[in-house]
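Letter by letter, the chains look like this.
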Amino acid sequence: MTDYSLVFTGVFSAMLVLGLLAKFYLASRQIRHVARHRGAVPAAFANTISLEAHQKAADYTIAKARFGMLEMAFGAAVLLGWTLLGGIDALNQALAGSSLGAYGTLLPQLALLAAFGLVSGVLDLPFTLYSTFRIEERFGFNKMTFKLWLADLVKSTLVGLVIGLPIVALILWLMGSAGSLWWLWAWGAWMGFNLLVLVLYPTVIAPMFNKFKPLEDEALKARVTALMQRCGFAAKGLFVMDGSKRSAHANAYFTGFGAAKRVVFYDTLLKQLSPGEVDAVLAHELGHFKHKHIIKRIVSMFAMSLAGFALLGWLSSQVWFYTGLGVRPNLNGANDALALLLFLLVVPLFSFFISPLFAQFSRKHEFEADAYAVAQTDGRDLQSALLKLYQDNASTLTPDPVFVKFYYSHPPASERLGRMTPSLESATT
Ligand SMILES: [Zn+2]
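Quick caveat, the model's predicted, so the values are computed rather than measured.

Moving on, we get to the overall build of the protein. Along the backbone of the protein there are 16 helices and 4 strands. Relative to a compact globule of 429 residues, whose C-alpha radius of gyration would be 22 Å, the protein shows 24 Å and is just as compact. Taking all 429 residues of the protein together, 45% fall into the buried category. Sequence-distant contacts in the protein: of pairs separated by 6 or more residues, those separated by 24 or more amount to 75%. Accessible surface, the protein as shown: approximately 21,700 Å² in total, 67% of it carbon and sulfur. The distance from the centre of the 36 positive side-chain charges to the centre of the 27 negative ones in the protein is 1 Å.

Here's what the structure looks like:
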């Protein structure tokens, strides 16, 4: 056993170092690439984007990438602290020796996860604070007061506890009492929970943080309703959200399925776009539904979690999985919470290297939604809307191509607009 434990410690450490090196390499590529192209607006955008806007986007991108590197280094140190340096082990031993054990095995395990969550949350706070009140503030994006930020923090912690504790308790219970195939049951429970959240998020959770109103502008509403009917959608699923309460960033998104299906526009987006451009952005979002991107995402998530639970089912019964990560398993109590926690900490080290695959799928979906929008509305509207969005969000026009492959869920402006132009030409000929 000791041998496997040492091997696993080695694999874990190697992945931690490799991942950190890869992330630093990618971030420094992005910083260098953006800085090198800061001096001039790319030729394709010379008539539409000012030098000032281009340089603001460069500075914003670089500031975020630099801060991201600090966060990564800190994250790796914290992970090491929790595992090999004994953080989780100490927490676990303290809880095992406490009086909680008198109430069965579930309570000490929930306490372990809650304590871990609390400490991690507190360690993250300085980073969220700095990112919101320094970086976003400096570039004029932050609209939050400290009071609103604090209220958000309290609310999201409570919501997380109310919906998170029952599902975690259910999974721990299944791990302890559903026999050797517990992971299959736990997977079923987790899937049910995810579907529930998909319905609850747009209808119950998001409205706790923002106001959602049906579109009010009559002329725009008539236009948008006509488009939705043309594409076969019920118009009741279109909402405007007061995003300006927190940030000047503009956005639109689609979410949910069945009766909870909806498209959400930020008020910041409506303020910046002409009616034709709003139509084009909406058509893009409807394109995501037409191409069944939500269902595809859900199915791939189901498949990956099944693999994950099966792996956890095996790992949780291997002593080296605990000892290799610096944790002594409990001899008398249950180890399910420990296994779950260690698994969730270790998996990202491996999944990082397949993340380009998922980013690739996401970018493919964006191209499909763009093509749908160009077919349904005036393609020039989508082009100008995208340009405004990239500019208002200070997204760089010159990202590093390798960085894009790894991280970008949306293709860079040049690629999206480049793909649209040929179809525009063929539409007129
Ligand atoms: Zn999209």
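With that settled, the discussion passes to the coordination of the zinc ion. Those protein atoms acting as donors to the zinc ion are His-284 (NE2), His-288 (NE2) and Glu-366 (OE), and they sit at 2.0 to 2.1 Å. Within one chain, the residues serving as donors to the zinc ion are arranged as H-x3-H-x77-E. Here His-288 is found in helix α9 (residues 275-290), whereas its partner Glu-366 is found in helix α13 (residues 355-376), with 78 residues between them in sequence. Comparing His-288 with Glu-366 shows no difference in burial state: the two are buried.

With respect to the helices and strands, the residue Arg-246 is situated in the loop between β2 (238-241) and β3 (252-255). Since its relative accessible area comes to 15%, Arg-246 is described here as buried. A distance of 2.9 Å separates a polar atom in the side chain of Arg-246 from the backbone oxygen of Phe-209. In contact with Arg-246, not counting residues within four places along its chain, are Phe-141, Asn-142, Lys-143, Met-144, Leu-148, Asp-152, Phe-209 and Asn-210.

Attention shifts here to the pattern of salt bridges. Side chains bearing opposite charge may pair, as long as their charged atoms lie close to each other. By the definition in use, this model includes 9 salt bridges. With its nearest N and O atoms 2.7 Å apart, the salt bridge here joins Arg-38 to Asp-59. With Arg-38 in the loop between α1 (2-36) and α2 (51-82) and Asp-59 in helix α2, this pair connects stretches of sequence that are 21 residues apart. Take Arg-38: its relative accessible area is 28%, and that puts it in the partly exposed class. Using a relative accessible area of 28% as the deciding quantity, one classes Asp-59 as partly exposed. In this structure, Arg-223 and Asp-279 form a salt bridge, with 3.1 Å as the shortest nitrogen-oxygen distance. In this pair, Arg-223 is assigned in helix α7 (residues 218-230) and Asp-279 in helix α9, connecting sequence segments 56 residues apart.

The subject of this paragraph is helix α4 (residues 106-138). With 33 residues, α4 should cover 48 Å at 1.5 Å per step; its first-to-last C-alpha distance of 46 Å lies within 8% of that length. Within α4, the axis deviates most sharply at Asp-124, by approximately 35°, and proline Pro-126 lies no more than four positions further along. Residues Pro-108, Gln-109, Leu-110, Leu-112, Leu-113, Phe-116, Ser-120, Phe-127, Thr-132, Phe-133, Ile-135 and Glu-136 constitute the buried set of α4. Directly after α4, the chain includes Gly-140, whose backbone phi takes a positive value near 75°.

To continue, consider the packing of α9 against helix α14 (residues 379-392). Viewed as axis vectors pointing N to C, α9 and α14 meet at an angle of 90°, and their least axial separation amounts to 8 Å. Here α9 is positioned roughly perpendicular relative to α14, judged by the angle of their axes. Along its contact with α9, which presents Gly-276, Glu-277, Ala-280 and Val-281, the element α14 presents Asp-381, Leu-382, Ser-384, Ala-385 and Lys-388. Residue composition of the contact of α9 with α14, grouped by class: 4 nonpolar, 2 polar and 3 charged.

Moving on, we come to the sheet that holds strand β4 (residues 262-266). Overall, mixed pairing links the 4 strands, which are arranged β1-β2-β4-β3 in an open sheet. Two strands lie at the open edges of the sheet, namely β1 (212-214) and β3, each paired on one side alone. On average, each strand axis in the sheet is tilted by 30° relative to the strand beside it, whichever way the strands run. Where β2 and β4 come together, 4 bridges link them in parallel fashion.

Core analysis: the largest hydrophobic core is formed by 49 residues, its most contacted members being Phe-45, Val-224, Leu-238, Phe-265, Leu-269, Leu-282 and Leu-286. Broken down by element, this core gets its largest block of residues, 7 residues, from α9. Residue contacts for Phe-45: discarding those within four places in its chain leaves Leu-387, Leu-397, Ala-413, Ser-414 and Leu-417. In terms of nonpolar packing, the next biggest core, distinct from the first, is built from 42 residues, Leu-95, Leu-174, Trp-182 and Leu-345 among them.

The rules we used
Residues numbered from 1 in each chain as written. Predicted model: local features only at pLDDT ≥ 70, side-chain atom pairs only at ≥ 80, totals over all residues. Heavy atoms only, no water. Helix = DSSP H or I, 4+ residues; strand = E, 2+ residues; numbered from the N terminus. Rg over C-alpha atoms; globule rule 2.2 N^0.38 Å. Buried < 20%, exposed > 50% of the residue type's maximum accessible area, 1.4 Å probe, protein only. Contact = heavy atoms within 4.5 Å. Areas by Shrake-Rupley, 256 points an atom, 1.4 Å probe, with all protein chains shown as cover. Lys, Arg positive; Asp, Glu negative; His and termini not counted. Charge placed at Lys NZ, Arg CZ, Asp CG, Glu CD. Donors = N, O, S within 2.8 Å, 3.2 Å for Na, K, Ca; no water. Polar contact = N/O pair within 3.5 Å; in protein donor to acceptor, adjacent residues only side chain to side chain. Salt bridge = Lys/Arg side-chain N within 4 Å of Asp/Glu carboxyl O. Expected span 1.5 Å × (residues − 1). Bend = angle between axes of the 7 residues up to and from the residue. Axes fitted to C-alpha atoms, helices over the stretch in contact; angles between N-to-C directions. Parallel < 35°, antiparallel > 145°, perpendicular 65-115°, else oblique. Nonpolar A, V, L, I, M, F, W, Y, C, P; charged D, E, K, R; others polar. Pairing = 2+ DSSP bridges. Core = buried A, V, L, I, M, F, W, Y, C linked by side-chain atoms within 4.5 Å.

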